[in-house]
Structure formats: C-alpha cells, structure tokens
Protein chains: 2
Amino acid sequence: MSKITPRTLSGFMELLPAEQMKLERMMSALRESYASYGFTPLDTPAIEAAEVLLAKGGGETEKQIYRFRKGDNDLALRFDLTVPLAKYVAAHYAELCFPFRRYQIGKVYRGERAQRGRFREFYQADIDIVGDGKLDVLNEAEIPAIIYDTFTRLGLKRFKIRVNNRKLLNGFYAMNGMSEKAGEIMRVVDKLDKIGPHKVKELLIDEVKMLPTKSENVLDFMAICGTNAEVIERLEQYRGMDAVFDRGLDELITVTRYLQDFGVPEENFAIDLTIARGLDYYTGTVYETTMTEHPEIGSICSGGRYDNLAEYYTDRQLPGVGISIGLTRLFYVLGEQGMLSDELVTAPCDALVIPMTEDLSHAVGAAAALRAGGVRTQLYTEKKKFKARMSYADKLGVPFVVLVGEDEIAEGVVSLKNMRSGEQVKLTGAAAADAIRAEMAERSSRAVIQEK
Amino acid sequence: MSKITPRTLSGFMELLPAEQMKLERMMSALRESYASYGFTPLDTPAIEAAEVLLAKGGGETEKQIYRFRKGDNDLALRFDLTVPLAKYVAAHYAELCFPFRRYQIGKVYRGERAQRGRFREFYQADIDIVGDGKLDVLNEAEIPAIIYDTFTRLGLKRFKIRVNNRKLLNGFYAMNGMSEKAGEIMRVVDKLDKIGPHKVKELLIDEVKMLPTKSENVLDFMAICGTNAEVIERLEQYRGMDAVFDRGLDELITVTRYLQDFGVPEENFAIDLTIARGLDYYTGTVYETTMTEHPEIGSICSGGRYDNLAEYYTDRQLPGVGISIGLTRLFYVLGEQGMLSDELVTAPCDALVIPMTEDLSHAVGAAAALRAGGVRTQLYTEKKKFKARMSYADKLGVPFVVLVGEDEIAEGVVSLKNMRSGEQVKLTGAAAADAIRAEMAERSSRAVIQEK
C-alpha cells in the first residue's frame, strides 16, 4: 500500500508528551488564577458564521481569516476570543448577570505567513469583565492584581505590568492641539524603546510634520517616570487644561490607589505613558506586561478598558475591561529562553507497577490500591525482560517503580524504588502510596517557569 | 449603525455559564480518571492537511468533513481523534515510548444534517494504548476498569460495560461456513435489542438467505448469557473447531480474569456476544457501555482492540486498544434526562465581597486574604444599592457573601453570610476563609451526574 506522509502543518504547534505536560501545567495555573478571581469558564464554537465574525470587517483580519463554505453556509474560524465574547454577550444578554466575568482559554486561527515563533493555530487565554451600561473603574484597578497573581503562579518573578490611560493620552494631545495627529504620533512614540528619544524627535518633526517645540512637549511627557506617586505628581501639573485628561488622571489615580491592598508589589508595576495599544478600541486604562530581562519578547499580557464591546451586534452599551495572554507564543518563547523548568515531573504516571510473576492478580491489585490512594499509576503490561521494563520507566522519567514479585506477595508488601535516588524499600501498599504522594506533592509544587 | 444578528450556528453547542460549569466538571473528572491510569494528555491541531486526514478515504467521512483551501493548502478539520493520533504516532514514532498511552479531550467536526441532539462540533474524550509491533492482551483487560472508574467518578451508577471479542465472532462464523456473510449477519444481529430474536431470524432467512438451521445456530450463540463464568463455560463447548475462535476465547478469558482485582463489580460488566462495532477496524476485544435505565441512548463509551493504527502512514505495525466518549452528546443527553446534579455550585466564585464604605481598601484587602486562603473570591465593584448587590449574588448562586462595613472594619472582622442557610456571623478574615473552604469542599465533593 502506498503511504501518505504523516505531517503536521507548518505554523501548528504539536508537542511531544513531556512538553505537552508543561503546557498543561501552564493552562491549569491560568485556570486556577482566573477562577480565584471569580471568572466563569466559557467555551464558544471555533466556527462561526463569517458574517458574524467579520461584523467589524476590514484590515488584516479579513486577509488572515480561515473562511470557507459548507453547504449554503459561509463560515469562518475565530481569529480571537473577543469577537465571540461580544457575540455571546449580545446573544445571551437577558440570561447573564452583569458585571459578567468570564475567562476563556481556547484556540484561535490566523493564516499568517508562517515563520519561526509565529503560529496559525494558537491558544489565547483571555479574561473580560463586561458591564451593562456602566462599569466601575475599580475593575480596571483589579486587573494588575490578576496579572500579578497569574504570572507569579506560573513562576515568573522578573516582570513588569505597565499601565497607561487612553483618556490621559487623548487629553494631552487635545491640550496641545495635536488631536488629529494623535494616531501618527502614537505610532512613532511606540518606537521609543527601540530607537530612543532623539530618533523619535526626528521622526515627529520630519514625518509627522510637528513643530520642534511641540515634539519636545511630547517627549517631555513621555519621559515622565518614577514611583507611582512621583509620576502622578508630575501629571497633576497638567490638570485643569483638558477635561478628558483630568478624567484619565483620576482613573489612573484610582488604579494605583489600591495596588498595595491588592498585593501588587511596586517593583512589578509601572505607569508608562508610552503605552497606547491600538487606536480606536480602548478608551481608558491600558495594560502591557513585559519580562524585565527579555524586553525583546514584547508584551506577554495586554489589554485594556473599552466602552463598547458589542456595538456591531446590539445597541446596548456594554463597556468592559479585559486582558489576553498569547499562550502558545509565550510557551514557545519560554522554551526558546530555556525558562521551562526541568524539575517538573512530566511522566504520565507517578508510579509504574512492574509485575514479576506469571499470575498478575497481585500486581493488578497493587496498582488499583495505589490509584485509590491518589497515585497516578500505570501497570506495566508487556512480556519483556526486566531490563527493558526498567528502561521504559527511565525513558518516561517515571518517579517511582513498584515491583511485585514472589517475595513481595509472600510478605504482603511491594518493593518501592525511587528512580531519582535509586533507593529501594519494602512497604505495604498503603505506606507506598503515602510515600509516593508525599514526594509528588513536594515535586509538583514547583512552578513551570524557572528564571535563571 | 446597522447591526448583525449575534447568532450561533445550528449544531454548535454554546452553554450558559452554569451549564458550562457542569461540562467543565465532567471534563476534569475525565482528565483525573485518565491521568490516574498513566495516560499522558495530548493535543493535536484541529486543522490538518486534507490528504492526511483522508488517507483512509471514502464513505460518510468524506461527505461530512469540513474541507477548504487557504493559499495553496488543501485543509480539513479533524472529524475524530483517532486519525490525528495515528498521524502523531507515525510522525513521532522515534521519540515516543511504547506502549504509548495518551488521552485527548478535544473538539471534532462533522457537517452532519443538523438535528436535535446531533452536533457538528463536539468534544470527544479518547484514550488509547498503542504498542510497537505487539501489545499484550492485558491492556484489553484494563479498559473495563478505566471505564468503570471514569463513570463512577462522574457519579453514574446504573451502567453496564458490555464486552465481546471480534476473533470469537469471526471464528464462530468461520466454523459455520458463514464467513462471507459475516458482515451482513452482524448488521442484522445488531437489531436484536430492538426487534427481538424472532424478527432477526426472519431477516436472516429472508434477506441474508441463510438456512433456517444456520440462522438458529446464530441466534443460539447470540443468546448465550449469564455470569462471566457461565458464559465462558458455554463458549468452551465450541472450543477446538476453529483456531481464531479459540484465540478469541482465550482473550475473553484473560479480559474477565482480572476484573475483580481491577475492582470492577460483576453487575457493571457483561459479556455480550451481540456486540460487533463496525466491520474492519477492530480485531479483538470490543466494548460498549450502556446506561441500564436508558438503553435508548445507546452506547456512551465504545471502542476496542485494533491491529494497525497507522497503516496509511507507515509500514510499522502499531496495534492498540482505545475507547471514546462522545462527551458533547453525553452531556446533552444527561441534561435532557434531568441527570445533571442541581446541587453543584455553578457560581463563578465561592464568596462575593461587598464593600459597604466609600474607601475600598479593607474590602480589597479582605478579598485578597480570602483568595490567599484558597477561596474563589469576587470583589463587588459597582456603585449600586445594597439590594441590587445582594440580588446579584442571588442570581449567580454565590454560596457566601462577605460584608465589609464600618463596624466590621472597626472590629477587625468581616460579616459572613451563608446564602443557603441565611445565617450571618462575624469572623476574622482567616476564620471566614476556613469556614467557606470547609463548606465548599463538602459541596464540591458531589458528583456531576445524579441518578434519580
């Protein structure tokens, strides 16, 4: 028979078991973190009517989307989790309680040009809080706490949540008579980290056609930094010149006010006036999160406040705030940087039971008892030599091997071998389960990310 | 602005939050059960090259598949989890340890005619054990234990794992000179439950053109039932007439031999000679699982032993055994039957912290402390009247409300209100966390399925 080459499409992540285990660990840490803040898990179809997904239309989205017909239906794969959320909230409005807090971890699809580290199918992990008509700014204040908790659970320490406010920016541009150029200016200012203030000033003058004094105003504003108190003090000097600016400043003050009560250390948080995040969707607080020692990776968790989640589907005003983690890309980048812990147990089981007798009853019973004792247990089933059996355990990285032979059966015990220490002891089944559980609890308490 | 109707495609399940919580509970029970037997979680792309997915080709699959082009690529959505597993094992053969045990819970796509209870996007929850060249029959013996454990975790009690062996059937037909008609006979015998032995006999004579005596042989064989020991005793009477039959009988004996050691009660297990499960893929033990009081639902967990997982991709012999749960359909059916527990907490949080003062520091701190104490905690953020706040907690079904007002702040406590009992007490934050955790542990120990 002629064979088809078993290949996986380029741009689609498919992991070997040990790596998959690490990704699963990351996903469960995210689920736990989001659930601990009272977000409900949501699942929406990967396929939607193209008309629904493309309600907003236009731009890159339309080019990248996977769109196809089936029967009479014009269908498409979701390209993010925000549009399906908007559809969901608009469609189920009457049945939901607001503020509606949901998390969703799911695959999305973008037919981008395939390149290293870019994926066509990738997980996003999103949370959103959606209000009905109104949504208090306190929700914007809670987001940094959630980001901090989430990355801390994952094991990341050296990261910074960078926060800005779109009203502050828009107000600043308005008070300088630069509102029409705001979009262009923000695009240039976005390069500040990469090309420095001198080059940015040049671009503002040459390309955006700003007066040198005005470009200096922009750079002075963007250069404001320091502790939250210092930044806010500097920003207070602009108060009274523009109502939108003043509202933005008030919001920023609220967002920073409860940080300590939320448990966010000052070192993991910074007001950063250069952050803008797109042009028309966000209307208040915006967030980016960067790994302090890997700025080149860019933001690993971004989002912000918006006023109108579902304007393409409903007249209802549904303001919200949300953040998104590009999980597949983050996982890939962490792997590249060697930051995924090697200490994690990635074996499919905690204990491999190896029968040493013809009759398997005792081995089967020992495996069942271990399982009942909370131990992930695999029964070795194949008729192979002892060496091959142990080498199977080795290759899988199984933490414990449990041997059940004539002697053990006669004595009513099992032989428990710790594969890391090499130590082997005879114990009752119950004692073996306790010993395995204790070590596994210790080993699985380690975080998935490990900073050097 | 003109609006697009926010609709979800027909045949695509999209749940409200409380229902989604129940489905999540089912999924985590499945993950825990599969992991406890040493299966590793696997994730493969939803999109594959059409050529790869359709390597086997033909039949219903080809008609139902979602297939489309993107750029130069001929793509398709997976229609099951078995073909992606075959591809995965063939592609990563050199990097895997055999027996390779994996579970996968993922969405698959079939563009079937939409009808009540039929889904075009649905979750399958599969396990497979794949050997390299050989795979011991002991693996087939372990499967009923896994099925039993899994449904018991879900809370189902009245179900039966029905087991047969394809070699036994093929051998029986061979010894009766009916091998060419085996397929037709099995299709008719499959109706035994629905139309009864008398009608089946008629069909065997009229449609399959069998002699009456031979059709009686078939019916006599299919009617064999009783305890495992009784059935095997009856089957032993056929031994020696066909080598394939004898091998099948030996396998069946092995599968039943360790049931007790595996902890499977006899009442949840039955040898059922009428089960055949398709025609060409399965080669040994086959499984179906039925709800004793809902036979009309059909099998809720099926599978079997196969000799050649990946023959379309590789010359390597990769025998295996696997079972699959059609999770979306099962969830739908359980809902229809009113068998999803109403006792489960489906609220997104265990506790809703309601601030009663202008300054929110204490409420924010109380929420952070509860969370640190392992309580899923939402901080109520909106400026609404007390009644509206309590009604929000009510509608969400939140188990506990935590009030933080002037008095509580002065006394260094919180007021903890149990929403089910109505009882309200003042406690320190730590004591409140303990009280909430204790009740939640009790309430979340209940299974998701509840038989009347």
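Before any of the text, the structure's been laid out above.
Remember, it's a predicted structure, so these values are computed and weren't measured experimentally.

### Digging into the relation of the copies chain B and chain A
Mapping one chain copy onto the other needs a rotation about an axis and a shift along that axis.
Next, step 1: Its rotation angle being 180°, the transformation that places chain B on chain A also includes 0.0 Å of axial translation and leaves an RMSD of 0.0 Å. Both copies are brought into coincidence by an operation consistent with a two-fold rotation axis. Closest approach to the rotation axis within chain B is made by the C-alpha atom of F68 of chain B, at a distance of 2.9 Å.
Next, step 2: Of all interface residues in chain B, 100% are interface residues in chain A too; the two copies therefore contact each other through one and the same surface.

### Some points on the interface of chain B and chain A
Next, step 1: Counting residues at the interface gives 99 residues for chain B and 101 residues for chain A.
Next, step 2: Of the roughly 8,600 Å² buried between chain B and chain A, counting both surfaces, carbon and sulfur atoms make up 59%.
Next, step 3: The salt bridge partner of D359 of chain B is R257 of chain A, with a shortest N-O separation of 2.9 Å.
Next, step 4: Across the contact surface, chain B and chain A share 52 residue pairs in polar contact (both at pLDDT 80 or more).
Next, step 5: Of the residues forming the side of chain B that touches chain A, the biggest block, seven residues, is contributed by helix α1 (residues 17-36) of chain B.

### Describing the packing of aromatic side chains
Next, step 1: Here the structure, examined in full by the defined rule, presents 35 aromatic pairs over all chains.
Next, step 2: Here the aromatic rings of F221 of chain B and Y238 of chain B are separated by 5.3 Å at their centres, their planes lie at 90°, and the arrangement is edge-to-face. Of this pair, F221 of chain B sits in helix α9 (residues 212-222) while Y238 of chain B sits in the loop between α10 (228-236) and α11 (243-257), placing them 17 residues apart in sequence. Taken individually, F221 of chain B and Y238 of chain B each receive the classification buried, so the pair is uniform in this respect.
Next, step 3: Connected via pairs of aromatic rings, a cluster forms that spans Y66, F68 and Y109 of chain A together with Y66, F68 and Y109 of chain B.
Next, step 4: We note R101 of chain A situated over the ring of F39 of chain A; from NZ or CZ to the ring centre the distance is 4.5 Å.
Next, step 5: The cationic tip of K70 of chain B hangs over the ring face of Y66 of chain A; the distance from NZ or CZ to the ring centre is 5.4 Å.

### Overview of the pattern of salt bridges
A side chain of one charge can pair with a side chain of the opposite charge when the charged atoms of the two come close.
Next, step 1: Per the counting criterion, the structure on display carries 68 salt bridges over all chains.
Next, step 2: Note that R118 of chain A and E112 of chain A form a salt bridge whose closest N and O atoms lie 3.7 Å from each other.
Next, step 3: Residue classification places R118 of chain A among the partly exposed residues on the basis of a relative accessible area of 41%.
Next, step 4: The closest approach of N and O atoms between R420 of chain B and E439 of chain B, which form a salt bridge, is 3.5 Å. Highlighted residues: R420 of chain B in the loop between β15 (414-418) and β16 (424-427) and E439 of chain B in helix α17 (residues 429-444), separated in sequence by 19 residues.
Next, step 5: Classification of E439 of chain B by relative accessible area gives buried; the value is 19%.

### Observations regarding the packing of helix α6 (residues 166-175) of chain B against helix α7 (residues 182-189) of chain B
Residue and element names in this part refer to chain B.
Next, step 1: The interhelical angle for the contact between α6 and α7, taken along N-to-C directions, is 115°, at an axis separation of 11 Å. Regarding α6 and α7, the two cross each other, and that crossing is right-handed. Counting all contacts with α6, which are made through R166, L169, N170 and Y173, the residues of α7 involved are A182, I185, M186 and V189.
Next, step 2: Partitioned by chemical class, the residues of the contact of α6 with α7 number six nonpolar, one polar and one charged.

### Re the environment of R277 of chain B
Residue and element names in this part refer to chain B.
Next, step 1: Note on placement: R277 falls in the loop between β8 (269-271) and β9 (282-291).
Next, step 2: On the basis of relative accessibility, which here comes to 29%, the residue R277 falls in the partly exposed class.
Next, step 3: Taking the C-alpha atoms as reference points, R277 and Y148, separated by 129 residues in sequence, lie 20 Å from one another.
Next, step 4: In this structure, R277 is in contact with R166, Y282, V286, Y287, E288, S302 and G303, ignoring residues within four places of it in sequence.
Next, step 5: One polar contact links R277 to E288, side chain to side chain, over a distance of 2.8 Å.
Next, step 6: Only 3.5 Å separates the side chain of R277 from the side chain of S302, close enough to count as a polar contact.

### Looking at the side chain of K22 of chain B
All names here are of chain B.
Next, step 1: Among the structural elements, K22 can be located in helix α1.
Next, step 2: In this structure K22 comes out as buried when scored by relative accessible area, which is 9%.
Next, step 3: When neighbours within four sequence positions are excluded, K22 is seen to be in contact with F331, L340, S341, D342, L344, T346 and V448.

### Describing the side chain of E142 of chain B
Next, step 1: Tracing the sequence through the fold places E142 of chain B in helix α5 (residues 138-154).
Next, step 2: Relative accessible area serves as the criterion here: at 0%, E142 of chain B is assigned to the buried category.
Next, step 3: Once residues lying within four places of it in the same chain are set aside, the contact partners of E142 of chain B are R371 and L379 of chain A together with Y37, R101, I129 and F262 of chain B.

Parameters and conventions
- Residues numbered from 1 in each chain as written.
- Chains lettered and ligands numbered in written order.
- Predicted model: local features only at pLDDT ≥ 70, side-chain atom pairs only at ≥ 80, totals over all residues.
- Heavy atoms only, no water.
- Least-squares fit on C-alpha atoms with pLDDT ≥ 70 in both.
- Contact = heavy atoms within 4.5 Å.
- Buried area = accessible area lost by both parts, 1.4 Å probe.
- Salt bridge = Lys/Arg side-chain N within 4 Å of Asp/Glu carboxyl O.
- Polar contact = N/O pair within 3.5 Å; in protein donor to acceptor, adjacent residues only side chain to side chain.
- Helix = DSSP H or I, 4+ residues; strand = E, 2+ residues; numbered from the N terminus.
- Phe/Tyr/Trp six-rings, centres within 6.5 Å; stacked < 30°, edge-to-face > 60°.
- Buried < 20%, exposed > 50% of the residue type's maximum accessible area, 1.4 Å probe, protein only.
- Lys NZ or Arg CZ within 6 Å of the ring centre and 35° of its normal.
- Axes fitted to C-alpha atoms, helices over the stretch in contact; angles between N-to-C directions.
- Left-handed = near helix turned anticlockwise from the far one by under 90°.
- Nonpolar A, V, L, I, M, F, W, Y, C, P; charged D, E, K, R; others polar.

Shape is all these values report; function is a separate question.
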